[in-house]
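Okay, here's what each chain looks like letter by letter:
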Amino acid sequence: MYPAPPPAPQRDFISVTLSLGRGSEDSKGWRRRSCWRKWKQLSRLQRNVILLVLAFLMFCGLLSYISLADPWKGTDRTCATAPPRHGWAVEGGLGRSSLALAFSRPWMHKCQRAGRKWRFKGAESVVDHRAGLGWACDAVRLLPKCRLCVAGHRESRRWDQQIHPPCRRLRKHMLTPKPSQGLHRRPQRHFRRGPPHLPIRAPTEGEKDRRPEESRRRAEVAGGAGQGEHTQRAEVGWMGPVMGPWRSTQRPWRKAEAPTRPSLQASRTQTPPATPNERQKAVIDAFRHAWTGYRKFAWGHDELKPVSRSFSEWFGLGLTLIDALDTMWILGLKKEFGEARRWVSKQLRLQKDVDVSLFEGTIRILGGLLSAYHLSGDALFLRKAEDFGNRLMPAFRTPSKIPYSDVNIGTGVAHPPRWTSDSTVAEVTSIQLEFRELSRLTGVRKFQEAAEEVSRHIHSLSGKKDGLVPMFINTHSGLFTHMGVFTLGARADSYYEYLLKQWIQGGKRETQLLEDYLEAIEGIKKHLVRRSEPSKLTFVGELAHGQFSPKMDHLVCFLPGTLALGAHHGLPADHMELAQALMDTCYQMNEQMETGLSPEIVHFNLYPQKAHKDVQVKPADRHNLLRPETLESLFYLHRFTGDPKYQDWGWQILQSFNTYTRVPSGGYSSISNVRDPHNPQPRDKMESFFLGETLKYLYLLFSDDPDLLSLDTYVFNTEAHPLPIWAPA
């Protein structure tokens, strides 16, 4: 119908439409206008917050720049005259050589090299390490200490542990003496922290020159282990080593006007001891035999198992070794003491994830370290004691301030026993001697304040019976529990002992301690003292809810010595009479056994019975743990009366130890049956207190010198570690 449309005409060109656009420069301006528009669209609050954040970031950046630049100040060749911001500076010009110490951040651990300067960050120092170092020993008393490889520079010029290459190269320069070339340095003050200066000591002509002599003697004792002390020390705390100056060691909380020196007795024991008599030589032989077994089979571990020739662990802190330190010093065993000292220096690690009994750790480890420090004058032991004391302090963080029984010295977590929230009264009241002395030496008040808070709390509590205290106290409420049970045996014994000894330690000034002690002794006489049949032996029993029990632990044999000590210091004379009567009983507890050794617990006959002795022993109580209490009291009674029978009784007990408990391969073992001399049944365990207490008291008992560890100068803690009396009367 319609014709087909004609085909579209072909075109030979491309149509392009151009539009006016924005150039690159114009686009930047457009973006700036866009950002400004967005900024203006923000609320005033939002703009203020953004400006505040930017200002804070700029401030932090400035601080970071300053802190990073600080350590590099003073690396110039010119000697600095002022100490750096964080500590001491020791600098000496030596041609192109200089030593610059400046403390930086303690959390930086690695050594790194920047140009020709060694940065010892872990040592809180920066050393400009250049050619020609030639320092004398005095000029490097504050040497840098890299945490990864060395524990410090000592007077003996020995470095501990492994040294990695950068520090080995530095050590080569630092410890190689070279002729000084125009060495100019400021004179350095020498401080030495020694045992407390007791008022009874008369000044000597050579005191001004004592330091070199003491250093030489200590070096001989420790076998060249290097015992010199420096102005600075690394105080190991929860956050790692912190460098700081020595504190004073005079009276608590007071700064010493001059460096303290060893006490009279300490300086006396540093000289060669008098030739021991025959009985003392027998004690030395027994100690060496026990030490040989420990050294061969249990070195560095807590306790020796002499029969199986192995060891057992309690805390993993070398308990026997530390407990025996002062015994070795008193017995004159300087070689053995030097070996033990080196172990304490290099291998005693207190940063351990382990629970430690507050009581046992205090009396054995803290007391042992403090005593070793007082006798030897070696500040290594005081540093370890302070570190250990700090690690025990979390135990006092309770609602009542009555400490928990256990504390983890690695994590700082304290807790009561797993089965109860109670602590035993003896444990929380038998740590005061050690903590008070630690505060006196270090000037740190918290140790004494925590311990004395417990004493004040116990003093004010109700629930006592004529001065007698129950055995348990709750750490949350601070009140006595298990009321009505009174004993002088386990869980209560050393409470009474430390009442008297704290009073003596403090110079007889704390009257509330004396009042509590005197009241307790009267309560003992009234409620617990009885006489047995048929021999009329005086003994101390127990009281449970008004019912008397003729049960007496061997632990109670501490009481004769404590009573005699009180009488010696001016307390009523009838205390000495009771002490002598109880001493006879404790001897009979040994004498009436077939082995001559006392069982752990005895029961006394109150009524005459044919063919029955005064002392009866139940089968479960026949074991002997090598305990020292009888020998402790024999020592006190002999020291105050001079009666030789007490020495004879001690000699008999030593012979019984050698006959029934000595193990041929080394060591002594507790036994299970004191009634069977043919088969005493060794228990394969040598308690640390056998070396720390038993043999020490035997040696002192046999001494012909009444001034050896004079009881007017020292007071013994409950683990036989002597601590000085602050102000002897």
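Residues numbered from 1 in each chain as written. Predicted model: local features only at pLDDT ≥ 70, side-chain atom pairs only at ≥ 80, totals over all residues. Heavy atoms only, no water.

This paragraph deals with the overall build of the protein chain. When helices and strands are tallied, the protein chain shows 21 helices and 23 strands. Taken over 729 residues, the protein chain has a buried fraction of 56%. (Helix = DSSP H or I, 4+ residues; strand = E, 2+ residues; numbered from the N terminus. Buried < 20%, exposed > 50% of the residue type's maximum accessible area, 1.4 Å probe, protein only.)

As a further point, take the sheet that holds strand β12 (residues 472-474). Strand order in the open sheet formed by three strands is β11-β12-β13, and the pairing between neighbours is antiparallel. Looking along the sheet, the strands with just one partner apiece sit at the ends: β11 (422-424) and β13 (480-481). One ladder, built from three bridges, connects β11 with β12; its direction is antiparallel. Note on β12: the bridge partner recorded for Ser 423 is Ile 473. (Pairing = 2+ DSSP bridges.)

Here the focus is the packing of aromatic side chains. Going through the model one piece at a time under the given rule, you end up with 22 aromatic pairs. Aromatic pair Tyr 587 and Trp 649: ring centres 4.1 Å apart, planes at 5 degrees, arrangement stacked. Placement of Tyr 587 in helix α18 (residues 574-591) and of Trp 649 in helix α20 (residues 645-660) is noted, with a sequence separation of 62 residues between them. Here Tyr 587 and Trp 649 have matching classes, each one buried. Aromatic ring contacts, followed pair by pair, group Phe 635, Tyr 636, Phe 640, Tyr 697 and Phe 716 into a single cluster. The positively charged end of Arg 295 is found above the aromatic ring belonging to Trp 299, 5.9 Å away from the centroid. Cation over ring: Lys 334 sits above Trp 329, and NZ or CZ is 4.7 Å from the ring centre. (Phe/Tyr/Trp six-rings, centres within 6.5 Å; stacked < 30°, edge-to-face > 60°. Lys NZ or Arg CZ within 6 Å of the ring centre and 35° of its normal.)

When you tally the buried positions in helix α17 (residues 559-568), you get nine out of 10 residues, the bulk of the element. Buried-residue contacts for α17 involve α15 (493-505), α16 (511-527), β16 (538-540), α18 and α19 (629-641). (Contact = heavy atoms within 4.5 Å.)

To continue, consider the nonpolar core. Generally speaking, a soluble globular protein has its nonpolar side chains buried in company with each other. If you look at the biggest cluster of nonpolar residues, it comprises 153 residues, and the most contacted ones within it are Leu 325 and Phe 435. With 10 residues, the single largest contributor to this core is helix α10 (residues 358-376). For Leu 325, the residues in contact, after removing those within four places along its chain, are Phe 337, Ala 340, Val 344, Leu 369, Ala 372 and Phe 381. (Core = buried A, V, L, I, M, F, W, Y, C linked by side-chain atoms within 4.5 Å.)

A word on the state of the cysteines. Counting across every chain of the model gives one disulfide. Between the sulfur atoms of Cys 557 and its disulfide partner Cys 586 the distance amounts to 2.1 Å. Judged by the sign of its S-S torsion, about -105 degrees, the bond between Cys 557 and Cys 586 is left-handed. Of this pair, Cys 557 sits in the loop between β19 (551-553) and α17 while Cys 586 is found in helix α18, placing the two residues 29 residues apart along the sequence. Each member of the pair Cys 557 and Cys 586 is classed as buried. (Disulfide = S-S within 2.5 Å.)

Let's shift gears to the packing of α10 against helix α13 (residues 432-442). Relative to each other, α10 and α13 sit at 40 degrees, their axes nearing to 9 Å. In terms of axis orientation, α10 runs oblique to α13. Read as a crossing pair, α10 and α13 show a hand that is left-handed. For the pair α10 and α13, the contacting residues are Leu 358, Thr 362, Ile 363, Leu 366, Gly 367, Leu 370, Tyr 373 and His 374 in the first and Glu 434, Phe 435, Glu 437, Leu 438, Arg 440 and Leu 441 in the second. (Axes fitted to C-alpha atoms, helices over the stretch in contact; angles between N-to-C directions. Parallel < 35°, antiparallel > 145°, perpendicular 65-115°, else oblique. Left-handed = near helix turned anticlockwise from the far one by under 90°.)

Here we come to the confidence of the model for the protein chain. Overall, the predicted model of the protein chain reaches an average pLDDT of 78, with 67% of residues at or above 70. Across residues 13-25 the pLDDT falls below 50, and counting only partners more than four positions away or on other chains, this stretch makes one contact in the model. With pLDDT under 50 throughout, residues 71-164 is counted as low confidence; its partners more than four residues away or in other chains account for 224 contacts. (pLDDT = per-residue confidence, 0-100.)

Along the chain, Glu 600 falls in the loop between α18 and β20 (601-604). A distance of 3.0 Å separates the side chain of Glu 600 from the side chain of Arg 627, its partner in a polar contact. If sequence neighbours within four positions are ignored, Glu 600 has contacts with Asp 553, His 554, Asp 621, His 623, Leu 625 and Arg 627. (Polar contact = N/O pair within 3.5 Å; in protein donor to acceptor, adjacent residues only side chain to side chain.)

Where α17 contacts α19, the axes come no closer than 7 Å and their chain directions differ by 30 degrees. If you check the angle between α17 and α19, you find them roughly parallel. α17 and α19 meet at a crossing whose hand is left-handed. Across the interface between the two elements, Leu 559, Pro 560, Gly 561, Ala 564, Leu 565 and His 568 from α17 touch Ser 633, Tyr 636, Leu 637 and Phe 640 from α19.

Bringing the pattern of salt bridges into the picture now. Under the defined criterion, the tally for this structure stands at 28 salt bridges. Residue Arg 341 is joined to Asp 378 by a salt bridge in which the shortest nitrogen-to-oxygen separation is 2.7 Å. Of this pair, Arg 341 sits in helix α9 (residues 334-347) while Asp 378 is found in the loop between α10 and α11 (379-392), placing the two residues 37 residues apart along the sequence. The two residues Arg 341 and Asp 378 agree in class, both being buried. Taking the shortest distance from any N to any O, the salt bridge between Glu 687 and Lys 685 comes out at 3.8 Å. A relative accessible area of 12% places Glu 687 in the buried class. When salt bridges that share partners are traced, they join Glu 303, Lys 685 and Glu 687 into one network. (Salt bridge = Lys/Arg side-chain N within 4 Å of Asp/Glu carboxyl O.)

This part is about the environment of Val 674. Mapped onto the secondary structure, Val 674 falls in the loop between α20 and α21 (688-701). Classification of Val 674 by relative accessible area gives buried; the value is 0%.

A separate point is α16. For α16, built from 17 residues, the straight-helix expectation of 24 Å at 1.5 Å per residue is met to within 8% by its first-to-last C-alpha distance of 24 Å. Those residues of α16 that sit buried are Leu 513, Leu 514, Asp 516, Tyr 517, Ala 520, Ile 521, Gly 523, Ile 524 and His 527. (Expected span 1.5 Å × (residues − 1).)

Relative to the helices and strands, His 638 resides in helix α19. A relative accessible area of 14% places His 638 in the buried class. Separated by 62 residues in sequence, His 638 and Leu 700 place their C-alpha atoms 9.8 Å apart. Here His 638 is in contact with Asp 643, Pro 644, Tyr 646, Gln 647, Leu 701 and Ser 703, once residues within four sequence places are set aside.

A separate point is the sheet that holds strand β10 (residues 414-415). In space, the three strands of this open sheet follow the order β8-β9-β10, with antiparallel pairing throughout. The open sheet has two free edges, formed respectively by β8 (355-357) and β10, since each of these has just one partner strand. Bridge count between β8 and strand β9 (residues 406-408): three bridges; the pairing is antiparallel. Bridge pairing in β9 places Ser 357 opposite Asp 406. Strands in contact with α10 are β8 and β9; relative to β8, the strand with the most contacts, it is inclined by about 70 degrees.

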